[in-house]
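This is what each chain is made of:
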Amino acid sequence: MPDASLSTFLARYTSTILVEIEAVKGSSPREAGTFMLVSQEAIWETIGGGQFEYMAIDHARAMLRSGVAEDRMDIPLGPEIGQCCGGRTLLRFRLVTADIAAALEARQKGEAEQQPAVFIFGAGHVGKALAEALSLLPLTLTVIETRENELRDLPSAAASILTPMPEAFVRKIPANGAAVIVTHDHALDFMIAKEALARNDLAYVGMIGSKTKRATFAHWLEREDEPPSLLAKLILPIGGSSVRDKRPAVIAALVAAELLQAFSAAETRRSGNQYGHPQGLDLA
């Protein structure tokens, strides 16, 4: 059940093993703290795939059959198991109790609250493609539109806002978040961008367009008596110029990569840690 939430999985499969990467030495498919859940009938999430994961699943299910509540495995990721990472991983296996389930849900809630926020301004073809692409990533999504009909068929992971003044919602973007501006109106794009660029705490401000649109926006900023330095913070066009394919899904894929790089750089500047490293489950 790949689409099930953690709480749904735990409710449906009451006999489950928590498989957690406790320690890593050298290269491995995932980092310490990554976990998955294994029942006799299903799994939730992944610790990296391949033979390494198959071994973990088989071991967890053997524990369920035998009634063992806790165990560990030290697995070399080499030719002997058909993998070439070259490192070693220490896996911890625990039968999920009520306390462990509560800790898992608390951890997931905490991680969700720390996810970077992306506000997509515009729900046309590119906006919808962006929402679909980003809904698979550890991000909090909000789509803002002036046209009610365009807010249909958005992914369930995206919140939506209908408003005649999208630019007013720039101030609601959490610090270290992103504004992606893809509306149907250049003047509206410019107003939203002006508000977003006035903030100094956003990780990314990007606008769909071209070199010509960038030049037009520069002239618009000049007429608005805004400093030219604002333009330096704007990604325009979004998605870069190395791939010359303007299909919405392609633009969305390129922008998703841009956003992850921007969030990683922002997190590194703040803490010196790489973005997205999960923490281990804090249980005795």
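About the cut-offs
- Residues numbered from 1 in each chain as written.
- Predicted model: local features only at pLDDT ≥ 70, side-chain atom pairs only at ≥ 80, totals over all residues.
- Heavy atoms only, no water.
- 1 Å grid on protein atoms, 1.4 Å probe; cavity = no way out; pocket = protein on both sides within 12 Å on 5 of 7 lines; lining within 4 Å.
- Points joined across faces, edges and corners; volume = space filled by probe spheres on them.
- Nonpolar A, V, L, I, M, F, W, Y, C, P; charged D, E, K, R; others polar.
- UniProt positions renumbered as here; feature names shortened; annotations may be inferred.
- Helix = DSSP H or I, 4+ residues; strand = E, 2+ residues; numbered from the N terminus.
- Expected span 1.5 Å × (residues − 1).
- Buried < 20%, exposed > 50% of the residue type's maximum accessible area, 1.4 Å probe, protein only.
- Contact = heavy atoms within 4.5 Å.
- Pairing = 2+ DSSP bridges.
- Axes fitted to C-alpha atoms, helices over the stretch in contact; angles between N-to-C directions.

Caption draft 1: Structural view of the layout of surface pockets. Estimated volume of the second largest pocket: approximately 440 Å³. As for the second largest pocket, its lining consists of 15 residues, of which Gly 209, Pro 237, Ile 238, Gly 240 and Lys 246 are closest to the centre. Its residues placed into classes, the lining of the second largest pocket shows six nonpolar, five polar and four charged.

Caption draft 2: Local environment of the UniProt feature "domain: XdhC Rossmann" (unreviewed entry) in the protein. The positions that UniProt labels "domain: XdhC Rossmann" (unreviewed entry) are, in the present scheme, residues 118-259. Along residues 118-259, the helical share is 33% and the strand share 16%, with 9 Å between the first and last C-alpha atoms.

Caption draft 3: How the structure looks around helix H7 (residues 248-271). Here H7 spans 34 Å end to end across 24 residues, near enough to the 34 Å set by a 1.5 Å rise per residue. Every buried residue belonging to H7 is among Ile 251, Ala 252, Val 255, Ala 256, Glu 258, Leu 259, Ala 262, Phe 263 and Ala 266, and all of these are buried. Buried positions along H7 lie against strand E6 (117-121), helix H4 (125-134), strand E9 (178-181) and strand E10 (204-207).

Caption draft 4: Fine view of empty space enclosed by the protein. Evaluation of the coordinates by the stated rule reveals one cavity of 30 Å³ or more. Along its surface, the largest cavity is lined by Gly 122, Ile 144, Glu 145, Thr 146, Pro 166, Thr 183, His 184 and Leu 188. When the residues that make up the lining of the largest cavity are grouped by side-chain class, the tally is three nonpolar, four polar and one charged.

Caption draft 5: Inspection of unusual backbone geometry at higher detail. The omega torsion of the bond from Leu 236 to Pro 237 falls at 10°, within 30 degrees of zero and hence cis. For Pro 237, the position within the fold is in the loop between helix H6 (211-223) and H7. We note that Asp 153 has phi near 65°; this positive angle belongs to a residue other than glycine. Looking at the element boundaries, Asp 153 is found in the loop between strand E7 (140-145) and strand E8 (158-162). Residue Asp 153 is classed as exposed on the basis of its relative accessible area, which comes to 70%. If you check the backbone angles, Asp 225 has positive phi at about 60° while not being a glycine. Take Asp 225: it is sitting in the loop between H6 and H7.

Caption draft 6: Structural view of the sheet that holds E6. Reading across the sheet, the five strands line up as E8-E7-E6-E9-E10 and stay open at both edges, with parallel pairing between neighbours. Each having just a single partner strand, E8 and E10 make up the two edges of the open sheet. Across the sheet, the mean angle separating the axes of adjacent strands is 15° when strand polarity is ignored. In this structure, E6 lies alongside E7, joined through five bridges in parallel fashion.

Caption draft 7: Representation of the pairing of strand E1 (residues 17-25) in the model. Relative to strand E2 (residues 35-38), E1 runs antiparallel, the two sharing four bridges. In the sheet register, Ile 17 faces E2, and the bridge partner there is Val 38. Pairing analysis gives eight bridges linking E1 to strand E5 (residues 88-95), with the strands arranged antiparallel. Across the sheet, residue Val 19 finds its bridge partner in E5, namely Phe 93.

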